[in-house]
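Secondary and tertiary structure notes
Spelled out from the first residue to the last, the chains are:
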Amino acid sequence: MRRLLAALVLPSLLTGALTACGDAEEARTAMTVRVLVRDINIRPAGVECAGTGPYTHFHNRSPFQVVDAAGRTLAEGALSPGRSVATFAEDLEVTRVPTYCEFAVPVDLAARDAYRLVVDGHPPVDLTPNDTEGPALVAVVPS
């Protein structure tokens, strides 16, 4: 009887132990993924925008994934609306200026040596750590 009980209980105990090991959650850090799309549009700074020309896949609600160097998905979601930022720091004294479209989305990521951003199935863009405005991964498109 003991052998029968051991034969029935032991596999489920082992399965539970292995599952617990597989469920070990990696520590994650809150950061922002910031992408500057260099579309060079003429518009007011600070308004909602989206990528243009070959970058139309950068827009509000575009699906994205942050992946590691091996292509494993670390975070996913949808882009928030872009905000136009002035291309030049100097005041041109006009309301409409050359701008880029910047997207910023919060993510929680496990530590990796490299990160890449995939937007709406397009080729991945390398992300670079940058802490000038808090923990962030940044990219400029095109690079």
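The structure this text deals with has already been given above.
Residues numbered from 1 in each chain as written. Predicted model: local features only at pLDDT ≥ 70, side-chain atom pairs only at ≥ 80, totals over all residues. Heavy atoms only, no water.

1. Section: the pattern of salt bridges
Tallied over the full model, the rule gives six salt bridges. Residues Asp68 and Arg112 are paired through a salt bridge, measuring 3.3 Å at the closest nitrogen-oxygen approach. Taken as a pair, Asp68 in strand β3 (residues 63-68) and Arg112 in the loop between β6 (97-110) and β7 (115-119) lie far apart in primary sequence, 44 residues in all. We classify Asp68 as buried; its relative accessible area is 1%. The partly exposed category is assigned to Arg112, whose relative accessible area is 25%. If you follow the salt bridges from partner to partner, you end up with Glu26, Asp68, Arg72 and Arg112 in one network. (Salt bridge = Lys/Arg side-chain N within 4 Å of Asp/Glu carboxyl O. Helix = DSSP H or I, 4+ residues; strand = E, 2+ residues; numbered from the N terminus. Buried < 20%, exposed > 50% of the residue type's maximum accessible area, 1.4 Å probe, protein only.)

2. Side note on the pairing of strand β5 (residues 82-86)
Relative to β5, strand β2 (residues 48-49) runs antiparallel, the two being bridged by two bridges. Note that in β5 the partner of Cys49 across the bridge is Gly82. Relative to β6, β5 runs antiparallel, the two sharing four bridges. Bridging from a neighbouring strand, Ala86 pairs with Thr99 of β6. (Pairing = 2+ DSSP bridges.)

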